[in-house]
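Chain by chain, the residues run as shown.
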Amino acid sequence: MPQNLALSPNPVEDRTLLRFITCGSVDDGKSTLIGRMLYDARAVFEDQFQALKGDSRKYGTTGADNPDFALLVDGLQAEREQGITIDVAYRYFATDKRKFIVADTPGHEQYTRNMATGASTADLAIVIVDAAKGIRPQTRRHSLIVSMLGVRHVVLAVNKIDLMGYSRDVFAALEKEYAALAGMLGFASVQAIPLSALHGDNVTKVSGKMPWYGGPSLFDYLEAINIARADPALRPFVMPVQWVSRPNPGFRGFAGQVAGGGIAPGGDMARAEAGKAVVLTLADEVDVSRGDVIASVNNACEVTDILKAKILWTAEKEMVAGRQYIFRSATAQALCTAGAPEAKVDIDTCGLLPAKAIGLNEIGICQLFLDRMIACETYASSRDLGSFVLIDRVTHETVAMGMIDHPMRRSRNVQEQKLTIDRAARAGLKEQKPCVLWLTGLSGAGKSAIADSLEQRLHAAGRHTIILDGDNIRRGLSRDLGFTEQDRAENIRRAAEVAKLMMDAGLITLVSFISPFRAEREMAREIIGKDNFIEVFVDVPLHVAEARDVKGLYKKARAGEIPNFTGIGSPYEAPEHPDLHLKAAEGDPALQAEIVLRYLKDRGFV
């Protein structure tokens, strides 16, 4: 019966902690190895072991009389039924010499994001390879990800060596092949160990079935390895603010976890060092909010709004350059626009390839343009302040995780120029309230005709206006862009920036663009400003727009001559809550323009 290791002569609290991850391809035996380690470390109690034997008879893959150790960590019903790992499972155990936290992560490509989550806090990775199947693409991908996430120490566990007759040649060939991969990834150490998780060979102690192997068992190696990470307590003080504490009007404290260095108020108070959760009070009245960073004045963090970063893309739909995403780092949040990918990583060579897009489970390099300044550090110097996730603004799905390579210098060198004559002064001279009317809808819905009719009415009333028409912009400012999702996003970004300049000039700006994607329309709203942005949905059914087909574009699209044509080869995402909804299937543009004019008058724009 397993014993409680807390009774060991070496108290648990005095043992060093090692966080490690098991990763590799599907069915290489990751869960089985962890289950075996838990059992051999006497971390499985008698009642748990009896339950395991029952589960093994129901779900196991090792025979009715043999415990299936994978079931100790495959806790989800779907995992047991399918015999795979889906979620990340964390397990704690200890030996006489060390404490361990292990993350069992899935091998399937579709769950790569879960694997990356487990690797983000690991000190060491056990990369498991099936001796019969060898090193596979997912083995390479996982190795690349753990390297990117700063894991410097790797164990190559050549599992199921028993199925290969404990062959020395098989082990040597895999060790040599992986050494070539590891050399490209720059790991500090790689230890190859042949083992059988099912039978326990070379797991707890060196097996006599492989007399040719002269290295340590897996447990011996994990207990002895020195993980030489830079002590965060030796770095300058830095703490992201997670919460502003106001229990009463007389107290204002800033709560967070110290990410680097240490801090003490003097006197007899203890020093709070990296990893400690604290509440700080400041002697001076300073405006500090959640997401801000308190740092040493002599070694402050980088402050920037342009980053160069590595991105691991985890969504089905590829990254769209020019689209806005929610950027979340530590406790800070901002909107960011993704730049065009500079390159992506080839998992076979670990080199960089030219890239136009970053797809599911691909690692790419790009710039991110944030809508505000944030405090950050490079990932190499701080996992806490150098990591982030990207979130889709429409679906709120986490679509990527990233690591900051470095801030871009031009974010510090290019400053906003404050001007004496501002938007209000220019608008006052024209005696009008500037705004942007963003007309969106299918091709043939009547957007341009409505905008033209509306401008005539505004002009007759003495209002100063400008129309930004989609086709006209494409003939000039955006003539270098095509109709891919990335190019459409960039087209809308350019149009929104121009519309903002026109509005700053005091003009009532009419924008007539198909603008098919909600994410880009929301980006335009953010660029222009929510109080001055009016989304007008010119709504007609597809069959009505296609019947009009003034330019003959639908006919060409149906013939396959225009790929990615909105409504035919590319979707149109209708506004869910437009400011103004025009049912334009019936009624001429003049009547629709009157509706818009009435809207402007009712809200004080004209």
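See the structure above.
Everything in this summary refers to the structure shown in the same document. (Residues numbered from 1 in each chain as written. Predicted model: local features only at pLDDT ≥ 70, side-chain atom pairs only at ≥ 80, totals over all residues. Heavy atoms only, no water.)

Right, let's get into the environment of Arg-518. Mapped onto the elements of the fold, Arg-518 is located in helix α14 (residues 518-528). As a C-alpha pair, Arg-518 and Tyr-572 span 54 residues in sequence and 8.8 Å in three-dimensional space. When sequence neighbours within four positions are dropped, the list of residues in contact with Arg-518 reads Val-394, Glu-573, Ala-574 and Glu-576. A polar contact is formed between the side chain of Arg-518 and the backbone oxygen of Ala-574, at a distance of 3.0 Å. (Helix = DSSP H or I, 4+ residues; strand = E, 2+ residues; numbered from the N terminus. Contact = heavy atoms within 4.5 Å. Polar contact = N/O pair within 3.5 Å; in protein donor to acceptor, adjacent residues only side chain to side chain.)

The packing of two helices is summarised by the inter-axis angle and the distance between the axes. For the pair helix α11 (residues 447-460) and helix α17 (residues 589-602), the least separation of the axes is 8 Å and the interaxial angle reads 60°. Relative to α17, the element α11 is oriented oblique. Crossing hand, α11 versus α17: right-handed. Two secondary-structure elements touch here, α11 through Ala-449, Ile-450, Ser-453, Leu-454, Arg-457 and Leu-458 and α17 through Pro-589, Ala-590, Gln-592, Ala-593, Glu-594, Val-596 and Leu-597. Looking at the contact of α11 with α17 residue by residue, the classes come out as nine nonpolar, two polar and two charged. (Axes fitted to C-alpha atoms, helices over the stretch in contact; angles between N-to-C directions. Parallel < 35°, antiparallel > 145°, perpendicular 65-115°, else oblique. Left-handed = near helix turned anticlockwise from the far one by under 90°. Nonpolar A, V, L, I, M, F, W, Y, C, P; charged D, E, K, R; others polar.)

Overall, the coordinates contain 28 salt bridges when judged by the stated rule. The salt bridge partner of Asp-201 is Lys-209, with a shortest N-O separation of 3.9 Å. With relative accessibility at 46%, the residue Lys-209 sits in the partly exposed group. Glu-546 is the partner of Arg-558 in a salt bridge, and the nearest nitrogen-oxygen pair spans 2.8 Å. Of this pair, Arg-558 sits in helix α16 (residues 553-558) while Glu-546 sits in helix α15 (residues 542-548); the two residues are 12 residues apart in sequence, bridging distant segments of the chain. Classification of Glu-546 by relative accessible area gives partly exposed; the value is 22%. A single network of salt bridges, built from pairs that share partners, joins Arg-393, Arg-521, Glu-522, Arg-525, Glu-526, Lys-530, Glu-535 and Asp-579. (Salt bridge = Lys/Arg side-chain N within 4 Å of Asp/Glu carboxyl O. Buried < 20%, exposed > 50% of the residue type's maximum accessible area, 1.4 Å probe, protein only.)

Across all of its chains, the model carries 11 aromatic pairs by this definition. When the centroid spacing of 5.7 Å and the interplanar angle of 75° are considered together, the rings of Trp-313 and Tyr-325 count as edge-to-face. Remark: Tyr-325 occurs in strand β15 (residues 324-329) and Trp-313 occurs in strand β14 (residues 302-313); sequence separation between them is 12 residues. Here Trp-313 and Tyr-325 have matching classes, each one buried. Both rings, one in Trp-438 and one in Phe-533, keep their centres 5.8 Å apart while their planes meet at 35°; by these two values the pair is tilted. Of the two residues, Trp-438 is situated in strand β22 (residues 435-440) and Phe-533 in strand β25 (residues 533-539); the sequence distance between them amounts to 95 residues. Looking at Phe-533, the relative accessible area reads 3%, which means it is buried. Grouped by ring-pair contacts, the aromatic residues Phe-20, Phe-93, Phe-100 and Phe-219 constitute a single cluster. The ring of Phe-517 carries Arg-323 above its face, with NZ or CZ at 5.3 Å from the centroid. (Phe/Tyr/Trp six-rings, centres within 6.5 Å; stacked < 30°, edge-to-face > 60°. Lys NZ or Arg CZ within 6 Å of the ring centre and 35° of its normal.)

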